[in-house]
Amino acid sequence: MKKYNFNAGPSILPQEVIKQTAEAVIEFEGQGLSLLEISHRAKYFQPVMDEAEALMKELLNVPEGYRVLFLGGGASTQFCMVPFNLLEKKAAYLNTGVWSKKAIKEAKAFGEVVELAASTNSIPMDFEVPQDCDYMHITTNNTIFGTEISDAKLQEIYRKKGKVRLVADMSSDILSRPIDVSQFDIIYGGAQKNLAPAGVTFVIVKEECLGHVTRHIPTMLDYRTHTENGSMFNTPPVLPVYTALLTLRWLKKNGGVEWIMKRNIEKANLLYNCIDNSKIFMPTIMDREDRSRMNICFVPKPEYEGLFDEFFAFASGRGMVGIKGHRLVGGFRASCYNAMDVEGVQALVDCIRDFEKLH
């Protein structure tokens, strides 16, 4: 039976990328060695790092003056690296869920934190950004609650931030749509949603924003350490970086970010249309503008709450994997990252409709 991987992360990767990675684990680039045992200083690995940075810049249209880093530690380490490097006195955070709260907690150790607005079931915009802040932080997509900052609201955030630096956690929607990188000073995220297996973290950093705080920054937590050494100051997570490169090649070959955005819109519309018109289920996010394309959350209607276990067993029997919602939300969550194709989403839609016929 075919499996359809809707896990929220680590999550689905393109099948050809998985196969190519597996081949490299056996033997890398005809070197007679596994990717798992080569030196990151070897002359045949440096091109991997160089091409991965170049492709990330190309696909996202990254302007001059920025570096793309591939680091360890996950987005959770970035929650403290950002304020370590940027926060001198005060920072502003838009609180849209669990990951925003974790970032806020870390930032409070370095200075004053202004919480601009807070909501888990919408993207609040009734705020103004204090212009004396060192930076403003946003989380563009919220995997747990299923909200995402729309393109229109991003434009409004660009206006509201004024001259304040903008930082974004884009762990779960990077490369899913075009973004104006020039509006940001730092974009970061764990790669295990849309880019690679767990173990590598991407950071897109504007070099000009670094070196302005007066505090001592530990060597490994200083972005300048990694920009000056091309992400190779210490041993990088070699295998995930190589898989990230393969994913970037896959994305470019198929038409780039514009292509994947159209496919992501098609998938999201297909599933949301099914849920909106369902007799048994309902979406958790009612405002259509704030709905995530990456993480589509839905629950049984109150009169059908008793059908949760039955539908989960039914869907599992049809090959749906990872659709149980987060414990904070309940219900179901279909994570439709870049590598999930329209066929997989259609299979879930058919599953929902066939289940409804039974009731």
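Residues numbered from 1 in each chain as written. Predicted model: local features only at pLDDT ≥ 70, side-chain atom pairs only at ≥ 80, totals over all residues. Heavy atoms only, no water.

Q: Just give me the short version of the overall build of the chain, but keep the residues and values in it.
A: Looking only at helices and strands, one finds ten helices and 14 strands in the chain. The C-alpha radius of gyration computed for the chain amounts to 21 Å, which stays within 12% of the reference 21 Å derived for 359 residues, consistent with globular compactness. In terms of its C-alpha atoms, the chain occupies a principal-axis envelope of roughly 65 × 55 × 30 Å. Here the chain, with 359 residues, has 56% of them falling under the buried criterion. Of the contacts made within the chain by residues no fewer than 6 positions apart, 70% connect residues no fewer than 24 positions apart. (Helix = DSSP H or I, 4+ residues; strand = E, 2+ residues; numbered from the N terminus. Rg over C-alpha atoms; globule rule 2.2 N^0.38 Å. Buried < 20%, exposed > 50% of the residue type's maximum accessible area, 1.4 Å probe, protein only. Contact = heavy atoms within 4.5 Å.)

Q: I'd like a description of the packing of aromatic side chains, backed by residues and values.
A: Applying the stated rule across the entire model yields 17 aromatic pairs. Cluster of aromatic residues (ring-pair linked, three or more members): Phe-281, Phe-298, Phe-308, Phe-311, Phe-312, Phe-314, Phe-332 and Phe-355. Taking the ring centre of Phe-127 as reference, the NZ or CZ of Lys-160 above it sits at 5.0 Å. The aromatic ring of Phe-312 is capped on one face by Lys-324, whose charged end is 4.5 Å from the ring centroid. (Phe/Tyr/Trp six-rings, centres within 6.5 Å; stacked < 30°, edge-to-face > 60°. Lys NZ or Arg CZ within 6 Å of the ring centre and 35° of its normal.)

Q: Could you give me a rundown of the packing of helix α9 (residues 308-317) against helix α10 (residues 342-357), with the residues and numbers involved?
A: Relative to each other, α9 and α10 sit at 130°, their axes nearing to 10 Å. What the angle tells us is that α9 and α10 run oblique. Regarding α9 and α10, the two cross each other, and that crossing is right-handed. Across the interface between the two elements, Glu-310, Phe-311, Phe-314 and Ala-315 of α9 pack against Cys-351, Ile-352, Asp-354 and Phe-355 of α10. Its residues assigned to classes, the contact of α9 with α10 comprises six nonpolar, no polar and two charged. (Axes fitted to C-alpha atoms, helices over the stretch in contact; angles between N-to-C directions. Parallel < 35°, antiparallel > 145°, perpendicular 65-115°, else oblique. Left-handed = near helix turned anticlockwise from the far one by under 90°. Nonpolar A, V, L, I, M, F, W, Y, C, P; charged D, E, K, R; others polar.)

Q: Go over the side chain of Thr-21 with me, naming the residues and quoting the values.
A: Here Thr-21 shows up in helix α1 (residues 15-26). Taking the relative accessible area as the measure of exposure, Thr-21 reaches 9% and is therefore buried. Excluding residues within four positions of it along the chain, Thr-21 makes contact with Leu-239, Thr-243 and Leu-246.

Q: Tell me about unusual backbone geometry, residues and numbers included.
A: The omega torsion of the bond from Gly-9 to Pro-10 falls at -5°, within 30 degrees of zero and hence cis. Positive phi is not limited to glycine here, since Asn-61 has a value of about 55°.

Q: Explain the pattern of salt bridges to me, using residue names and the numbers behind them.
A: Tallied over the full model, the rule gives 20 salt bridges. The salt bridge partner of Asp-173 is Arg-177, with a shortest N-O separation of 3.2 Å. Residue Arg-177 is classed as buried on the basis of its relative accessible area of 4%. We note a salt bridge from Arg-288 to Asp-276, for which the minimum N-O separation is 3.2 Å. Separated by twelve residues along the polypeptide, Arg-288 in the loop between β11 (281-283) and β12 (295-300) and Asp-276 in helix α8 (residues 256-276) bring together distant segments of the chain. Each of Glu-148, Asp-151, Asp-173 and Arg-177 takes part in a single network of salt bridges with overlapping partners. (Salt bridge = Lys/Arg side-chain N within 4 Å of Asp/Glu carboxyl O.)

Q: Which residues make up the environment of Val-62, and what values go with them?
A: As for its placement among the helices and strands, Val-62 is situated in the loop between α2 (46-60) and β2 (66-71). Relative accessible area serves as the criterion here: at 13%, Val-62 is assigned to the buried category. When the C-alpha positions of Val-62 and His-216 are compared, they lie 29 Å apart, and in sequence the two are 154 residues distant. Each residue touching Val-62, except ones within four places of it in the same chain, is listed here: Met-56, Lys-57, Val-181 and Ile-204.

Q: Account for the nonpolar core, with residues named and values stated.
A: Of all hydrophobic cores here, the largest spans 60 residues; its most connected members are Leu-60, Met-136, Ile-138 and Leu-175. If sequence neighbours within four positions are ignored, Ile-138 has contacts with Leu-94, Ile-149, Leu-154, Ile-157, Leu-166, Val-167, Ala-168, Asp-169 and Phe-184. One finds Tyr-4, Tyr-272, Ala-339 and Leu-348 within the second-largest nonpolar core, a separate group that totals 32 residues. (Core = buried A, V, L, I, M, F, W, Y, C linked by side-chain atoms within 4.5 Å.)

Q: Give me the pairing of strand β8 (residues 165-169): which residues, what numbers.
A: Of all five residues that make up β8, four are buried, and the element is covered over most of its length. As judged from the five bridges shared by strand β5 (residues 135-139) and β8, these two strands associate in the parallel manner. The residue of β8 that forms the bridge with Tyr-135 is Arg-165. Looking at chain direction, β8 and strand β9 (residues 186-190) are connected through three bridges and run parallel. Its bridge partner lying in β9, Ala-168 is registered against Ile-187. (Pairing = 2+ DSSP bridges.)

Q: Hey, could you go over α2 for me, with residue numbers and the actual values?
A: The first and last C-alpha atoms of α2 sit 22 Å apart over 15 residues, in line with the 21 Å expected at 1.5 Å per residue. Regarding α2, the residues found buried are Val-48, Met-49, Ala-52, Glu-53, Leu-55, Met-56, Leu-59 and Leu-60. An end-on view of α2 places all buried positions within 165° of arc, on one side of the element. The elements touched by buried residues of α2 are β2, β10 (201-206), α7 (238-254) and α8. Directly beyond the C-terminal end of α2, a positive phi value near 55° is found at Asn-61. (Expected span 1.5 Å × (residues − 1). Arc of directions from axis to C-beta.)

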